[in-house]
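Observations on the three-dimensional arrangement
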Amino acid sequence: MSSSSTRRTFLKKGAIAAATTFAAPMFLKAATLGRGQPGPNSRINVALIGNGLIMNGHRGYFRSRENTVVAAVCDVHQGRLQSALDQCRKENNACQGYEHYEEIMERSDIDAVVVGTPDHWHAALSIAAMRAGKDVYVEKPMTLTIEEGKAMVAAEKKYGRILQVGSQQRSERAFHKAAEIVRSGWIGNVKEVYCGLGSFPAPTDFPEQPVPEGFNYDKWLGPAPWEPYHNERVKGNYGGGWRNFWEYGSRKNGDWGAHHYDITQWALGMDHSGPVFFAPADYDQPYQYYEYENGIRVIRDWGDRKGHMIRFVGDEGEVRVSRGGRIDTTPALLAGKPLSPSDTRLYKSRDHRANWIEGIYTRKHAICDATVGHRTATVCQLAGIAERLNRPIKWDPKKEQIVGDPAAARWQDRPRRAGYELPV
Amino acid sequence: MNFTSKSSLKTITASLALLVMPLGYSQIPDSELDSIFTRLNGDDFDARYEARMDLQNQVSEATKPGNESQQPLVEQQLLERLEKEPLLTTKLWILRQLSSIGSEASLPALEKLAASSDAKLADGARMAINRITPVPSAEGGLYLGFDVDELATLASTDDSRAVRNAAFAKLAAIDSRKAISVMKEALESDSSSSADFLKAAMVADSRSLNKAALAELASGKVQNQIVILGALEGRASSKLEKQLIALLDTENETLKLQTVEALGRVGTVKSLEPVLELTNSKDRDLSTAAADTLASISDKRIDSSLLKAAKKGSVEDRITALNALSYRASAGVTELVNEMAADDSLDEDLREAAIESMESVGDLASLPILVDIVVSEESGLRKDAQKTLKRMTLRTNDPAAAWNAFSDGLKASENDSSAKLALMLVLDSAPSKEAIEYLNNEWKSGDAEVQKTILKVLPSWRNWDGGYLLLDLAKQAGDDQKIAGQCIRGIGRIILGSDSSFPIRDKYKLANQALDLTDDASVRSSILNSFRDPTWQDKRFVENNEVNPEIKAKVLES
C-alpha cells in the first residue's frame, strides 16, 4: 500500500457534489438532521466564536469549503469582530456578527460552532452549544479543569453531538503511523516517551491599563477570576500573552501537551484511561514526568529526542516523530512497513476539520471526541497541578480522582465568577 | 444564596480552634510573610508576581499530605492578612489562596466579604466559598422524577432537538421497549430526530434497542444507513457481511465509503472480490478505503487465496493478487515480490508490478535485485527499478546497505557506460561517504557524460555531503564558469530541497561559501532564491548568528 495514501477529500469535493453526481437524493440535508432551517443549498451553517489568532486558519477553511457556510461570527473585541465579519461576508452577505455568544445559541439555523477562544471559555461555550443542539469544534486543550472535561463528556453523550477537539496531530499521517507502530508492538514494550513542549516565559503581574473601547473585558474574563486589565494579559500570541497565565490556559502543559501528550495517549492505547503518577521537575529527577501503571514514563523537555518532537523508546526499537510528516524509526524499516491484518489499525483521518464535518453528516464520532479530549486534557492539567503545587500527584484514572491529597484534589476544578457558571 | 446558613456549629468550633492554635515554626515566618506582602503591594510588578508565587508555594507546602498541623496556622495567617491588606488585588490573591487551603473555619470571614458592596471582592469571596464547600452539580437532577411516558412525550414533541435527544437517551436507559417505539415513530414520520435516536439506539446498552436500530439498515433510507454505519464501530458482527456487500451497490459515495470501512471490521474472504474491485476505483478516496479494508480483514484465508492467485492464472489476475498481497503485507509477500522481480522469464508487466510492490513491502534483499535490473535491463523495467530504488531507500533509510548493492552494480557495469550512468543517476538512493568518494573519483575521469550525470544526481542528495562535493567541484572548475555555475545552482537546489533533518548551520555555511565563489548575478540568485521559503528556525538562526547579509535579508523579507 502506498505510504502516501490520500486524505479523505470529503470536504474538498463536498457532500453536495457527491450527491449531485448521482441521481440519488441529497444524502443528508441539514434539515434532515433536525437543525431547523437548512443553510443555503443545505450546507452546514457554522458559527465562529473567538476570532483571534487561532481562528484565522479555521475561518479561511470554513469560508472556502463547498459544504460549509460561515453564518455567524462572535467576538468580545469589536475590531476583531468587524474584521472577521467583513471577511465572511465576501462569501455570505447574510453572515451576522455578535458580541454575545448567547445570541448564536438561540439561532436554530446554526448547525455547528467552532470555539477558538482562550482555554478558560472552552467548556462553557462548548456545553452551551451542545445544549443548543449544535455540533462543536473546540480548540485544544478541550478544557481548563478536569471537572470541566467530565461535564463535556457528559454533554456530548447526553445531547448526542459531534465534538472534535483541535488536537489535529491525530489527523497527520506521520503521527498516525507512529501510533500504529507503537500500538502494534513493533518497538516491543515501550519504556519511555520523550516529549518536547518548550517553555513560556514566567508570567508576571501588570499595572492596570484602561480597557480599550470596543472590548468587553468582563466577558473576556468570563469565569476566570477578575484581574486588572492589561494588554499583555489578553493578547493572542503563540509566545505568551494569555497563554502565559494559568487562569486562562495550562501554559506549555496544555499548549503543546495537548498535542504531544495526546499522541502519547493514543499510541499507548490510553484514550480511556491515563497515567497514575505525576512528578514536577526536580522532585526526584531534574525533569517533569508522568508514569502509567505499567511503568511507562513520559518525560518532558529532557533527554535526547534526536531532533524530533516525540520519541518513543521500546525494548526492541524506537519511533521518533514530528510535524511536517517526519518519522524515523529504529530499525529504519519500520517507518515504511505496511500494517498486516493482525496489526493495530487506528482511526484514520487526514484532515482534522473535514473529519468533523464528515461526522456532522454521518453522526460518526470524530477522531478526537470529548472522551479523547478530556483524557488528554486531564494529563495536561494534572501535570500543571503538580507543577503549581510543586509536589507529586497520584491519580486514579478509573475513578478520575486525585488520590491521597485532598488539597490537590481541589484543583480538579476551579471556582467561577458569578454569572459564568458552567452550563449542564 | 444564604451564606449564613453555612455557619454551622462545626464551623464555629473550627474557628475557635484556630484562635487557640499555638503559633509555632510551621506557620509562614513573619519575615517571609512581610516580604511577600510588601512586594504584593509594591510598584514592581514582576516582584508582585513573584510574591504571588511565593505565597502560593507557602500555601502549597502547608497543604501537603503530612502537613495537616500546618494548614490551620497558615489559614489563620491568611485570614488575618485578608482583613488588613488595603489593595484589592492583594485581597483577591489571598482569597484565591484561601480557596486552596481554607476550611470551614474561613467561612465566617468569607461570608462577610461575600456581602461586601465591592462586587469584585464579594465575587472573589464567593468563589473561595464555592471551592471550600462545592455547590452540588445540577447534572444528577436531569429529568429526575420523570416517568417513562413523560420522557417519551419529551423525546417526541419537545421543540429543542437537544432536549429530545437527552430525553430519548434517558428513556433508552430505563425502558428500551418504549424507546424502540419512540424511535420507530420518529423514523416513520421522518422526524428531524431520526438520526439522533438511531445513533443513541446504536450505542445504548440494550441489545434489543441495538437490534431495532440495526434493522433500519435494510430500510433503504440512505441517511439512516449512513448514521447506523457511522455508529457501528466495534459493534459490527460478521453476520452483517452479506448485507454490507449488498450496500456496496449504492450510488451514494458516503454510504459506499462507510460500507467499505465497515467491511474492514467484519469482512471475511467473501468480501475479497468486491473490495478488491474497488481498489481500482477512479475515486481515490474509495480506492484508498478499499485498500485499507483489504489490509484490515483478518480472515487468513484471504492470504492463501491471494498467494495462489499471484502464482497462477492470467497476468492481469496475478497482478491484482500481488497488489492485494502488498496492501496486506501478508507473510511471504516480500519473498514473492523479490523472486518475481528477479525472474527474467516472467511477463514484463508482472515484473513491473513486483518492482512497484517493493516500494511498500521490499526489504534490504530487494536492493541488489533492483540494482541488477538497472544494470541488466534496458527496457522500461530499468526506469521502474530506478524509481523504486529512490523511493524504497527513503523507507529503508540504510545508506550503507544501499551502497553495498550499488557498489556491486557499479563494478558489474564497469564496461557498460549506459548501465553505469543509469545507476549513477539514482546514486542519491545510497547517500553514503563511499558514494560521494566514488562520484568524486568519477568526476576526475573528465568524461562529459559522467560529469553531466553527477551534476544531475548531486542536487538530490539526501544530506549536505552532496552540497559540499558540489562546492569542491565548483572550486575545481577554476575558469570554467559554466561548470562552476552548474555546481552552484546545484547547491541552491539541494538547499531548497533540504528539510529539518539537514543540520541548519551547514546550510548557511554552504550557501555563504557558494556565494563567495561567484559574482554572476543569476548564479548568485539561485542561492539566494533557495531561501525563499524560510522556516521559523531560519529566521531565528539568521537573527542570532553571523550570516551573509544578502542571505539574511532574503530570509527576513519572506
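Residues numbered from 1 in each chain as written. Chains lettered and ligands numbered in written order. Predicted model: local features only at pLDDT ≥ 70, side-chain atom pairs only at ≥ 80, totals over all residues.

Re the overall build of chain A
The cut-off we apply is this: The numbering of helices and of strands both runs from the N terminus, where a helix is a DSSP run of H or I of at least 4 residues and a strand a run of E of at least 2. Put simply, the radius of gyration uses C-alpha atoms, and a globule should come to 2.2 Å times the residue count raised to 0.38. Counting other C-beta atoms within 10 Å of each residue's C-beta, where C-beta atoms are placed from the backbone, gives the exposure class: buried for 20 or more, exposed for 12 or fewer, partly exposed between.
Looking only at helices and strands, one finds 14 helices and 17 strands in chain A. A compact globule built from 424 residues would reach a C-alpha radius of gyration of about 22 Å, and chain A, at 22 Å, matches this within 12%. Dimensions of chain A, computed from the C-alpha atoms along their principal axes, are close to 60 × 60 × 35 Å. When the 424 residues of chain A are sorted by exposure, 58% land in the buried category.

Focus on the sheet that holds strand 11 (residues 288-291) of chain A
All names here are of chain A. Short version of the rule: Strand pairing requires that DSSP identify at least two bridges connecting the strands. Every axis corresponds to a line fitted to the C-alpha atoms, with the helix fit spanning only the stretch in contact, and the corresponding angles, defined between N-to-C directions, vary from 0 to 180 degrees.
Spatially, 15-14-13-7-12-11-10-16-17 is the arrangement adopted by the 9 strands of the open sheet, whose pairing is mixed. Taken across any chain shown, the strands that pair with only one partner, and hence form the sheet edges, are strand 15 (326-330) and strand 17 (401-403). Within this sheet the neighbouring strands show an average axis-to-axis angle of 20°, counted without direction. Of the pairings in the sheet, the one linking strand 11 to strand 12 (residues 297-300) comprises 4 bridges and is antiparallel in character. By the bridge assignment, Tyr289 is partnered in strand 12 with Ile299.

Brief notes about the pairing of strand 16 (residues 393-396) of chain A
All names here are of chain A. Side chains Ile393 and Trp395 of strand 16 all project onto a buried face; the interleaved residues Lys394 and Asp396 project onto a face where none is buried. Inspection of the sheet shows strand 10 (residues 277-279) paired to strand 16 by 2 bridges, in the antiparallel sense. Bridged to Phe278 within strand 16 is Ile393. As paired strands, strand 16 and strand 17 are joined by 3 bridges and run antiparallel to one another.

Examining the UniProt feature "domain: Gfo/Idh/MocA-like oxidoreductase N-terminal" (unreviewed entry) in chain A
For clarity, the cut-off: UniProt positions are given in the numbering used here, feature names are shortened, and annotations may be inferred rather than shown by experiment.
With numbering matched to this structure, UniProt assigns "domain: Gfo/Idh/MocA-like oxidoreductase N-terminal" (unreviewed entry) to residues 44-166 of chain A. Annotated as residues 44-166 of chain A, this span is 41% helix and 22% strand, and its ends, taken at the C-alpha atoms, are 19 Å apart.

Some remarks on the confidence of the model for chain B
All names here are of chain B. Here is the rule: The predictor attaches a confidence to each residue, and that confidence, scored 0 to 100, is pLDDT. Throughout, a pair of residues is in contact if the C-beta atoms placed from their backbones lie within 7 Å.
Per-residue confidence for chain B gives a mean pLDDT of 91, with 93% of residues at or over 70. When the criterion is pLDDT under 50, residues 1-7 qualifies, and its contacts beyond four places in sequence or with other chains add up to 12 contacts. Below pLDDT 50 for its whole length, residues 18-25 participates in 8 contacts with residues either more than four positions away or in separate chains. For this predicted complex, the interface confidence reaches an ipTM of 0.89, while the overall pTM sits at 0.85.

A closer look at the nonpolar core
What counts, and what does not: When buried Ala, Val, Leu, Ile, Met, Phe, Trp, Tyr and Cys residues are joined through C-beta atoms within 7 Å, the set is termed a nonpolar core.
Core analysis: the biggest nonpolar cluster contains 262 residues, and B:Ala201 and B:Leu423 have the highest contact counts within it. Looking at this core element by element, the count peaks at 10 residues for helix 13 (residues 370-389) of chain A. If near-sequence neighbours (up to four positions away) are discounted, B:Leu423 is found in contact with B:Val371, B:Val374, B:Val375, B:Phe406, B:Gly409, B:Leu410 and B:Ser413. The next biggest cluster of nonpolar side chains, apart from the first, holds 8 residues, and it includes A:Val76, A:Trp220, A:Leu221 and A:Val234.

What about the packing of helix 18 (residues 301-311) of chain B against helix 19 (residues 315-328) of chain B?
All names here are of chain B. Where we set the bar: The labels follow the angle: roughly parallel below 35 degrees, roughly antiparallel above 145, roughly perpendicular from 65 to 115, and oblique for the rest. Crossing handedness follows the turn of the near helix against the far one: under a right angle anticlockwise gives a left-handed crossing, and clockwise gives a right-handed one. All residues other than Ala, Val, Leu, Ile, Met, Phe, Trp, Tyr, Cys, Pro, Asp, Glu, Lys and Arg, Gly among them, are scored as polar; the first ten of these are nonpolar and the last four charged.
The geometry of helix 18 relative to helix 19 is characterised by a closest axis approach of 8 Å and an angle of 140° between their N-to-C directions. The angle between helix 18 and helix 19 places the two elements in the oblique class. Along this stretch, helix 18 crosses helix 19, giving a crossing that reads as left-handed. Contacts from Asp303, Leu306, Leu307, Ala309 and Ala310 of helix 18 reach helix 19 at Asp317, Arg318, Ala321, Leu322, Ala324, Leu325 and Arg328. Along the lines of polarity and charge, the residues of the contact of helix 18 with helix 19 split into 8 nonpolar, no polar and 4 charged.

Some thoughts on the pairing of strand 15 of chain A
Residue and element names in this part refer to chain A. Bridge analysis of strand 14 (residues 318-322) against strand 15 gives 5 bridges, and the strand direction is antiparallel. Across the sheet, residue Glu318 finds its bridge partner in strand 15, namely Thr330. From the end of strand 14 to the start of strand 15, which pair antiparallel, there are 3 residues, and Gly324 there has a positive phi angle of about 80°.

Examining the interface of chain A and chain B
Where interface size is quoted, it is often the accessible area lost as the parts come together. The interface of chain A with chain B comprises 63 residues on the first partner and 74 residues on the second. Residue assignment for the side of chain A that touches chain B shows that the elements contributing at least two residues are helix 1 (10-21), helix 5 (122-131), helix 6 (146-159) and helix 12 (352-362) of chain A. Of all the elements, helix 6 of chain A adds the most residues to the side of chain A that touches chain B, at 3 residues. Of the residues assigned to the side of chain A that touches chain B, the class counts are 31 nonpolar, 18 polar and 14 charged.

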